[in-house]
Amino acid sequence: MQINFIYFNDTGREVKVHPATFINGCTGLKEPIKHLEQRLFELPEGTFPWVKMWDYGEVGLVF
């Protein structure tokens, strides 16, 4: 049995999904989540959603 988690992006910015999100069986689209878009993630049984966000400002991360 999988657990469904829906993330709704109301940040006003594009939200990137960390690649490690998918290493333990979580499934979902890997593309960035646009403003006002919702994204479904399916988590393996016995796990729970955890959201960590970094704020790089309006411009984003610059290398």
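Look a little higher up for the structure.
The text that follows walks through the structure, step by step, so that each part is easy to find.

What to know about the side chain of arginine 39
Here comes step 1: Locating arginine 39 in the fold gives a position in strand 2 (residues 38-44).
Here comes step 2: On the basis of relative accessibility, which here comes to 4%, the residue arginine 39 falls in the buried class.
Here comes step 3: At 3.0 Å, the side chain of arginine 39 forms a polar contact with the backbone oxygen of leucine 29.
Here comes step 4: Once residues lying within four places of it in the same chain are set aside, the contact partners of arginine 39 are Phe5, Ile6, Tyr7, Val17, Leu29, Lys30, Glu31, Pro32 and Ile33.

Focus on the side chain of asparagine 9
Here comes step 1: Considering the arrangement of structural elements, one finds asparagine 9 in the loop between strand 1 (2-8) and strand 2.
Here comes step 2: A polar contact of 2.9 Å, which involves the side chain of asparagine 9, links it to the backbone oxygen of isoleucine 33.
Here comes step 3: Of the polar contacts made by the side chain of asparagine 9, one reaches the backbone oxygen of lysine 34; its length is 3.1 Å.
Here comes step 4: Once residues within four sequence positions are removed from consideration, asparagine 9 is found in contact with Glu14, Val15, Ile33, Lys34, His35, Leu36 and Glu37.

Parameters and conventions
- Residues numbered from 1 in each chain as written.
- Predicted model: local features only at pLDDT ≥ 70, side-chain atom pairs only at ≥ 80, totals over all residues.
- Heavy atoms only, no water.
- Helix = DSSP H or I, 4+ residues; strand = E, 2+ residues; numbered from the N terminus.
- Buried < 20%, exposed > 50% of the residue type's maximum accessible area, 1.4 Å probe, protein only.
- Polar contact = N/O pair within 3.5 Å; in protein donor to acceptor, adjacent residues only side chain to side chain.
- Contact = heavy atoms within 4.5 Å.

Everything listed here is a matter of geometry and, on its own, says nothing about what the molecule does.
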